[in-house]
Amino acid sequence: MKATRHPWLWLVVLASFLWLTACAGPAQEVSNPDPGFFLSLSRLVIDIDNEGLPSVGGVSADRLSQLTFGMVDLRWLRLDPAYVRWFTDVNLQHIEFVHREDGMLLYVNAAPLPTLTWDDDSLSAVQQVVSESGLFTPQVGQLIEMFIPFLQRLAVDVTVRFPLAAGAEVISLRDPTAQPEEIGAQVAETTPMLTMHLTLEYDAQGKVVVRPETAQALRALGVEVQQFALAPETIQGLVAANIQQMTVRKAGEGLFVLINDKPLPHITWNDENLANSAGLISQLFYTPEYAFTRQTVESVLPLLADMDGSVTLRLPEGGQ
């Protein structure tokens, strides 16, 4: 492979990143950095103005693209001004994404939300699904497969700030030097109050085939089996993608997704995360028409700690 004709361009890009993150504090600490390659950067703050235009350190996205000869282009982050007004009206001041080698932490107004967690096995499963399923075009599939190995070799902290409403009190950003919360689902110390496992068999037309006693039990809960029916096109697409079984499982403090019995990256939480999530939904959807949604979320999320179970979708074999 030929070396770039202008290697100094990379120096400009690197210098730009160092300058943009210079005032943000120390780079993230990592527990087990890859011995071959690892990149850790301190917090990068992106400000969104009232028109949805991003800037970093007072430098607009247009100017930053010019300074880096188009190699750092944040203009794709431009938001619809309607979303900016919405976030400003509900006092959503900033969202922080903390990417670590073992997962992605998310904070809204410095309050922690549930975490996306991964390890070697789950990332390998993603690669396998991408390479074997045919769900993506060859170009997109190659890009995903190329990017996945770097997920465990990066530690990047990105905060997106939105305009303040008139008279609003500033909410401080999370202290980047504070000990980050642990990533990973914890095993419940007590037996859950409710455990339910449901398996749904699908035919080639997307209809659900279950045992009569299963249909009767669901009906007693006010659910008809065929409410889970899928469009024939969806079944055909999943079968063509070599997906034979999909499972969503809630266990302890985690929500797990398995494709063909292979676990993918999963979501983990604790009581504080769930309370913050319920509060965020109420904050975003505060108008009267969402009253039922708010009540449902506020009632259901706290119950997750006392519920375990799974739903498995079994698809017809290819060629049927």
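Our subject is the structure listed above.
What counts, and at which threshold
- All residue numbers refer to positions counted from 1 along the written sequence of the respective chain.
- Confidence filtering applies because this is a predicted model: local features only for residues at pLDDT of at least 70, side-chain atom pairs given and counted only at 80 or more, and all residues used for totals across whole chains, interfaces and linings.
- For the side-chain quantities, the full set of heavy atoms in the structure was used; hydrogens and water were omitted.
- Each residue is placed in one exposure class: buried if its accessible area under a 1.4 Å probe, protein chains only, is under 20% of its type's maximum, exposed if it is over 50%, and partly exposed if it falls in between.
- Strands are runs of DSSP state E lasting at least two residues, helices are runs of H or I lasting at least four, and both sets are numbered from the N terminus onward.
- DSSP-based pairing: two strands are paired if at least 2 bridges between them are found.
- Here a polar contact means two N or O atoms within 3.5 Å. Within protein one must be a hydrogen donor candidate and the other an acceptor candidate, and residues neighboring in sequence count only if both atoms are side-chain atoms.
- Should any heavy atoms of two residues lie within 4.5 Å, those residues are considered in contact.
- As used in this record, nonpolar core signifies buried Ala, Val, Leu, Ile, Met, Phe, Trp, Tyr and Cys residues forming a set joined through side-chain atoms within 4.5 Å.
- Salt bridges are defined as contacts in which a side-chain nitrogen from Lys or Arg sits within 4 Å of a carboxyl oxygen from Asp or Glu.
- For patch building, the residue pool is restricted to those with more than 30% relative accessible area and no salt bridge; the joining distance is 9 Å between like charges and 5 Å between nonpolar side chains (Val, Leu, Ile, Met, Phe, Trp, Tyr).
- All accessible areas in this document rest on Shrake-Rupley with a 1.4 Å probe, and a residue is counted as covered only by the protein chains that are shown.

S.K.: Could you clarify how one ought to interpret the pairing of strand β5 (residues 94-100) in this entry?
M.R.: Each regular strand shows side chains that alternate between the opposite faces of the sheet. Of all 7 residues in β5, 6 are buried; the element is thus mostly enclosed. With 6 bridges connecting them, β5 and strand β9 (residues 154-161) associate as antiparallel partners. Its bridge partner lying in β9, Ile95 is registered against Val160. Relative to strand β6 (residues 103-108), β5 runs antiparallel, the two sharing 6 bridges. When the sheet's bridge partners are listed, Phe97 is paired in β6 with Leu106. If you look at the hairpin formed by β5 and β6, you'll find 2 residues sitting between the two strands.

S.K.: For this particular structure, what's the right way to read the side chain of His94?
M.R.: Locating His94 in the fold gives a position in strand β5. In terms of polar contacts, His94 uses its side chain to reach the backbone carbonyl oxygen of Ile171, at 2.8 Å. Those residues in contact with His94 that lie beyond four places of it in its chain are Tyr107, Val108, Asn109, Ala110, Thr159, Val160, Arg161, Phe162, Ile171, Ser172 and Leu173.

S.K.: Would you mind going over the nonpolar core with me for this structure?
M.R.: Soluble, globular proteins show a tendency: their nonpolar side chains are buried together. Counting residues in each nonpolar core, the largest one holds 20 residues, and the members touching the most others are Ile48, Leu74, Leu92, Val108, Phe162, Leu280 and Leu284. For this core, the secondary-structure elements that each account for two or more residues are β2 (44-48), α2 (61-67), α3 (81-89) and α8 (271-284). Grouped together as the second largest cluster of nonpolar side chains are 16 residues, Val208, Leu218, Ile235 and Leu238 included.

S.K.: Whenever I open this one, the pattern of salt bridges confuses me. Can you help?
M.R.: Two side chains bearing opposite charge may form a pair once their charged atoms approach each other closely. Enumeration according to the criterion identifies 9 salt bridges in this entry. The salt bridge involving Asp157 is made with Arg43; its shortest N-O contact spans 3.9 Å. With a gap of 114 residues between them, Asp157 in strand β9 and Arg43 in the loop between β1 (39-40) and β2 connect regions that are remote in the sequence. Arg219 serves as the salt-bridge partner of Glu224, at 3.3 Å between the closest nitrogen and oxygen. Overlapping salt bridges, with partners in common, bring together Arg43, Glu96, Asp157 and Arg174 in one network.

S.K.: What exactly am I supposed to notice about a nonpolar patch on the surface here?
M.R.: Together, Leu116, Val248, Leu255 and Ile267 line one region of the surface with nonpolar side chains, adding up to about 270 Å² of accessible area. Following the sequence through the fold, Leu116 ends up in strand β8 (residues 115-117).

S.K.: In this structure, what is going on with unusual backbone geometry? I would like to understand it.
M.R.: Backbone phi values are negative for most residues with the exception of glycine, while trans is the configuration of most peptide bonds. Its identity is not glycine, yet Ala110 carries a phi of approximately 70°, on the positive side. The residue Asp261 is not glycine, and still its phi comes out positive at about 70°. With respect to the secondary-structure elements, Asp261 resides in the loop between β13 (254-259) and β14 (262-263). The class for Asp261 is exposed, based on a relative accessible area of 55%.

Honestly, it's all geometry; don't read function into it.
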